[in-house]
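In case you want the letters, here they are:
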Amino acid sequence: MRLLLATLLCTPILAQAATLSVCTEASPEGFDVVQYNSLTTTNASADMLMNRLVEFDAEQGTLLPSLARSWSISEDGLVYDFKLRDDVPFHHSADFTPSRKLDARDVLFSFQRMLDTKHPWHQVAASGYPHAQSMQWPSLIAKLEAPDAHSLRITLTRRDATFLATLSMGFASIYSAEYADQLLAAGTPQKLNSAPVGSGPFVFERFQKDAVVRYRANPDYFAGKPGVDRVIFAITPDSAVRLQKLRRGECQIALSPKPQDVQAIAGDARLQSAQTAAFMTAFVGINSQHAPLDKPQVRQAINLAFDKASYVKAVFEGSAEPASGPYPPNTWSFARELPGYAHDPARARALLAEAGLAEGFKTTIWTRPSGSLLNPNPSLGAQLLQADLAKVGIAAEIRVIEWGELIRRAKAGEHDLLFMGWAGDNGDPDNFLTPQFACASVESGLNFARYCDATLDKLIADGKASSDQAERSRLYQQAQTLIQEQALWLPLAHPTAFALLSDKVQGYKVSPFGRQNFASVQMAP
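These numbers come from a predicted model, not from an experiment. (Residues numbered from 1 in each chain as written. Predicted model: local features only at pLDDT ≥ 70, side-chain atom pairs only at ≥ 80, totals over all residues. Heavy atoms only, no water.)

A. A look at the overall build of the protein chain. Each helix and strand counted, the protein chain has 19 helices and 21 strands in total. Against the 2.2 N^0.38 benchmark of 24 Å for 525 residues, the protein chain shows a C-alpha radius of gyration of 23 Å, consistent with a compact globule. Among the 525 residues that make up the protein chain, the fraction classed as buried is 60%. Considering only intrachain contacts with a sequence separation of at least 6, the fraction spanning at least 24 residues in the protein chain is 72%. The average position of the 49 basic charges and that of the 54 acidic charges among the side chains of the protein chain differ by 3 Å. (Helix = DSSP H or I, 4+ residues; strand = E, 2+ residues; numbered from the N terminus. Rg over C-alpha atoms; globule rule 2.2 N^0.38 Å. Buried < 20%, exposed > 50% of the residue type's maximum accessible area, 1.4 Å probe, protein only. Contact = heavy atoms within 4.5 Å. Lys, Arg positive; Asp, Glu negative; His and termini not counted. Charge placed at Lys NZ, Arg CZ, Asp CG, Glu CD.)

B. Layout of the state of the cysteines. Applying the stated rule across the entire model yields two disulfides. Across the disulfide from C23 sits C251; the S-S distance is 1.9 Å. Negative torsions about the S-S bond denote left-handed disulfides, and the value of about 70° found for C23 with C251 makes this one right-handed. Here C23, found in strand β2 (residues 19-24), pairs with C251, found in the loop between α9 (239-247) and β12 (253-255); they are 228 residues apart in sequence, far enough to count as distant. Of the two residues, C23 and C251, both sit in the buried class. Paired by a disulfide, C439 and C452 hold their sulfur atoms 2.0 Å apart. (Disulfide = S-S within 2.5 Å.)

C. Molecular detail of the packing of helix α12 (residues 308-316) against helix α14 (residues 378-390). Relative to each other, α12 and α14 sit at 160°, their axes nearing to 10 Å. One way to sum up the angle between α12 and α14 is to call them roughly antiparallel. Judged by the sense of rotation from one axis to the other, the crossing of α12 with α14 is right-handed. Here Y311, A314 and V315 of α12 lie close against α14, whose contacting residues are L380, G381 and L384. Among the residues forming the contact of α12 with α14, the class breakdown is five nonpolar, one polar and no charged. (Axes fitted to C-alpha atoms, helices over the stretch in contact; angles between N-to-C directions. Parallel < 35°, antiparallel > 145°, perpendicular 65-115°, else oblique. Left-handed = near helix turned anticlockwise from the far one by under 90°. Nonpolar A, V, L, I, M, F, W, Y, C, P; charged D, E, K, R; others polar.)

D. Representation of unusual backbone geometry within the structure. Following A291, the chain continues to P292 via a peptide bond in cis, the omega torsion being 0°. When you line up the elements, P292 lands in the loop between β14 (280-286) and α11 (296-305). In this structure, S256 takes a positive phi of about 50° despite not being glycine. On the secondary structure map, S256 appears in the loop between β12 and α10 (259-264).

If you want it as structure tokens, here you go:
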């Protein structure tokens, strides 16, 4: 066995406490994070309320212990043994008073309900478990065992080089089995989604859709009490209004600002910006199950018709670089020799004619109403795409759909062209490939191209099965070649992630993965 040990980085106890108000761009879909896939929901649930066995430290680029003190992996890469902390209390709430601290029963419950179709909680998630399914956990995890109250053993059916890192993702959050038993006995399992209980830095208080989420600091947090007493998510879809609230002191942090908002605070001594290169890709998903988008020539024509350089300049205003493929160029295994699609309307028209569509066709463009890091100006972006497609004979109708409804219907495969974005969780290229291009992800709804191909699926699976990074890179570069040839996406941009801050905010850092850590924040007087 090779033993992997690290020390837990604890948040120091901070002298200053206050209320932190964060202007966010959308409502979470719910708080039972395993049911959803949006970053907005992960931020409001997993990042605030929950913990996982391990956490990924973006600055160090390493996995750190969290609920697991340490872990070991068998030489064949199939058996993972975890030693759990024995000092982790769950939250107290109006509905729940825990009688014990976290142990292996909670981990077993959290994972088994996603994996075991006969588990009493499995059917509670009406739409299933999209991340667990797309990461192929039902076929990957052969056995879950608890040798004792603070030990966990996970046996895999096959080697998976990404498995440990996957445990840091939001959907791998650990829930209280005791709370779940109480809710099931009372016939109210839906409360896990509306009145969540976790072990994380903040305790859920209440949620008013499209208005506010309120949290209070967890005084018993095992990593140290947060530096603020309360956190308020002020849901503010309009980025200009978020900036106004920041200037008026109604918010101390404004997330997902537009590029012009970042420029607008220059010279204001009361405000500051934080930034990092985001491990994200903005793209238009092309539904390969909808005719005539099922033809590769049509998907290629859409890529060729679009003036990406003008789009990035107009929508991101210098805060992003054009994308040629699924993941950012600083990712290991990035296929630098693949050029992407140049802007070539004449070639686009020729491909449409080759596909029997010389007269063009009608389609739809789906986008969200409010801006985000991966889509700062949804209206403008959709109009630019619409105009470029019209020039080659494609008549595209723009449909603006509320974020939660957009996600739900896109996962069901109702879209034609879909403005979307994807954020990796841990720097591994598979974080893009499996969720967005594996066959299992079509069923889970995360594969927005709705494309299942045995060759591509095998390249992704073989890459995960190898512990040799050079071999994984070779396989992933082949996968990128196939993805580009099939034109499954219209890749748009790799953005820089920004947040706008009051000068009173200290200790906040922007994550390249879009995750939020407000436990480390303290407020100056």
